[in-house]
Amino acid sequence: KLREAEALCRQSISEDTDLTEEDIEAELAIIHGQMAYVMQLQGNTDDALQLYNQIIKLKPTDVGLLAVVANNIITINKDQNVFDSKKKVKLTNAEGVEHKLSKKQIQAIEFNKALSMYTVTKACMILKSIKELEHKPGMVSALVTMHSYDEDIDSAIEVFSKAIRWYQENQPNSPTHLSLIREAANFKLKHGRKKDAINDLEQLWKQNPKDIHTLAQLISAYSLVDANKAKVLSKHLPSSDTLPKNYDPKVTPDPERWLPMRERSYYRGKKKGKKKEQIGKGTQGATSTASAELDASKTASSPPTSPRPGLAATSSSNVVPPRHQKPVGAAGT
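Position numbers for residues start from 1 in each chain and track the written sequence from start to end. In keeping with the model being predicted, local features are shown solely for residues with a pLDDT of at least 70 and side-chain atom pairs are shown and tallied solely at 80 or more, while totals for entire chains, interfaces and linings include all residues. Processing note: side-chain calculations cover all non-hydrogen atoms of the structure and skip hydrogens and water entirely.

**Observations regarding the overall build of the protein**
Piece 1. The numbering of helices and of strands both runs from the N terminus, where a helix is a DSSP run of H or I of at least 4 residues and a strand a run of E of at least 2. What the protein contains, in helices and strands, is 14 helices and zero strands.
Piece 2. Each helix (α) and strand (β) of the protein, taken in turn from the N terminus, gives the series α-α-α-α-α-α-α-α-α-α-α-α-α-α.
Piece 3. Every one of the 333 residues in the protein was classed for burial, and the buried ones make up 32%.
Piece 4. Contacts: residue pairs with any heavy atoms within 4.5 Å of one another. Put simply, 56% of the contacts in the protein that link residues at least 6 apart link residues at least 24 apart.
Piece 5. Surface exposure of the protein reaches about 23100 Å², of which carbon and sulfur atoms provide 54%. To sort residues, take the accessible area from a 1.4 Å probe on protein chains only and compare it with the maximum for the residue type: under 20% means buried, over 50% means exposed, and anything in between is partly exposed. The Shrake-Rupley method, run with a 1.4 Å probe, gives the accessible areas here. Residue values count only the displayed protein chains as cover.

Here it is in structure tokens:
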């Protein structure tokens, strides 16, 4: 029945010559989604997943359709591809999705969200139980990434802190130790933990007072919490006379050097060179361009390309089809 519906729909849509193949696939997305759902129930998860992912690539404007597609992908992933499932969960949180789905569908999606959050948390617990690897950069990176996906910034910072303490006690000032401190500072700055980041940056700068990059980061962080301290530290920066590269004091700088080239007053555009016509091997004086125009075989229209196979999506019967939705900015007919 779904195949029959697809054929009838495609036949009806194809009569509108203004629609592209991509537009047609968007119209068929709900039918293809139902096909994928049936495949999933039959255990044919590979083909179902392919259809689901294809509808995601279409980026349909129907938030209800996207939510159901994302939810069904999560159910196929189960305890695999956790990060992919985490991305798909975001598609189920779109504004207005609650008006597109039934109460039963919303309950199923919320239940899967809870399971997804629990499975990341459980993975972190297993990784943290391997004490001999807890301080390794690879383990730190994995744990910080997972906590970040769960938006648990405090736990991510604690992972950094434990690893830094280990190196402080066992390998102080080693390259790995200093690298972890720098990454922890960057992470804290990214998530608004400025005061904590300042402590890390000060420790790095004391280890290498000539590190201008760290000093600049430290001044920038202090400027947000203590302007006077930032001014004091700025005195340690090198003189501006030593900063410019390839500076020639005898040459007056271009006053428009900060503007893009095409916005400068002296910009005249790129000169277009004249292309010489190449002499062909035909009759004397004939050019390749002229011979190409006289060649009937090159002017014949090429056969139309075959349409792409139907793209994927999932939705339910009470999702409003894209064909019934009013296009944004479309003129009335």
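From this point, the discussion proceeds with the structure in view.
**With respect to the UniProt feature "repeat: TPR" (unreviewed entry) in the protein**
Piece 1. UniProt positions are given in the numbering used here, feature names are shortened, and annotations may be inferred rather than shown by experiment. As annotated in UniProt, the feature "repeat: TPR" (unreviewed entry) corresponds to residues 29-62 in the numbering used here.
Piece 2. Within the segment residues 29-62, helix and strand shares are 79% and 0% respectively, and the terminal C-alpha atoms sit 10 Å apart.

**Looking at the environment of Ala94**
Piece 1. For Ala94, the position within the fold is in the loop between helix H5 (82-91) and helix H6 (103-128).
Piece 2. Its relative accessible area of 25% is what places Ala94 among the partly exposed residues.
Piece 3. Ala94 sits 30 residues away from Gly64 along the chain, and the two C-alpha atoms are 8.6 Å apart.

**A look at the confidence of the model for the protein**
Piece 1. Per-residue confidence from the predictor is reported as pLDDT, which spans 0 to 100. Put simply, the protein has an average pLDDT of 80, and 79% of its residues get 70 or more.
Piece 2. Ranking the elements of the protein by mean pLDDT puts helix H14 (residues 296-299) last, at 46, and helix H8 (residues 153-170) first, at 94.
Piece 3. Here residues 286-317 is modelled with pLDDT under 50, and outside its nearest four sequence neighbours on either side it reaches 59 contacts, counting other chains as well.
Piece 4. Throughout residues 328-333 the model reports pLDDT below 50, and contacts reaching past four residues in sequence, or to other chains, amount to zero contacts.

**Quick notes on the nonpolar core**
Piece 1. Residues belong to a common nonpolar core when they are buried Ala, Val, Leu, Ile, Met, Phe, Trp, Tyr or Cys residues joined through side-chain atoms within 4.5 Å. Residues Ala48, Tyr52, Ile55, Ile56, Leu65 and Val69 are the most contacted members of the largest nonpolar core, which totals 21 residues.
Piece 2. Sorting the residues of this core by element identifies helix H1 (2-14), helix H2 (21-41), helix H3 (45-58) and helix H4 (63-77) as the ones contributing at least two each.
Piece 3. By residue number, the principal contributor to this core is H2, which donates eight residues.
Piece 4. Contacts of Ala48, omitting those with residues within four sequence positions, involve Ala36, Met39, Gln40 and Ile76.
Piece 5. If you look at the next biggest cluster of nonpolar residues, it comprises 20 residues, including Cys124, Leu180, Ala184 and Leu204.

**Quick notes on the packing of H5 against H6**
Piece 1. Between N-to-C directions, angles cover 0 to 180 degrees, with each direction set by a line fitted to C-alpha atoms, over the stretch in contact for helices. With their axes 10 Å apart at the nearest point, H5 and H6 run at an angle of 145° to one another. Read as a crossing pair, H5 and H6 show a hand that is left-handed. Where H5 abuts H6, its residues Val82, Lys86 and Val89 lie against Lys113, Ser116, Met117, Thr119 and Val120.
Piece 2. Basically, the charged four are Asp, Glu, Lys and Arg, the nonpolar ten are Ala, Val, Leu, Ile, Met, Phe, Trp, Tyr, Cys and Pro, and anything else, Gly included, counts as polar. A class-by-class count of the residues in the contact of H5 with H6 yields four nonpolar, two polar and two charged. Each crossing is labelled by how the near helix is turned from the far one, with a counterclockwise turn of less than a right angle marking it left-handed and a clockwise turn marking it right-handed.

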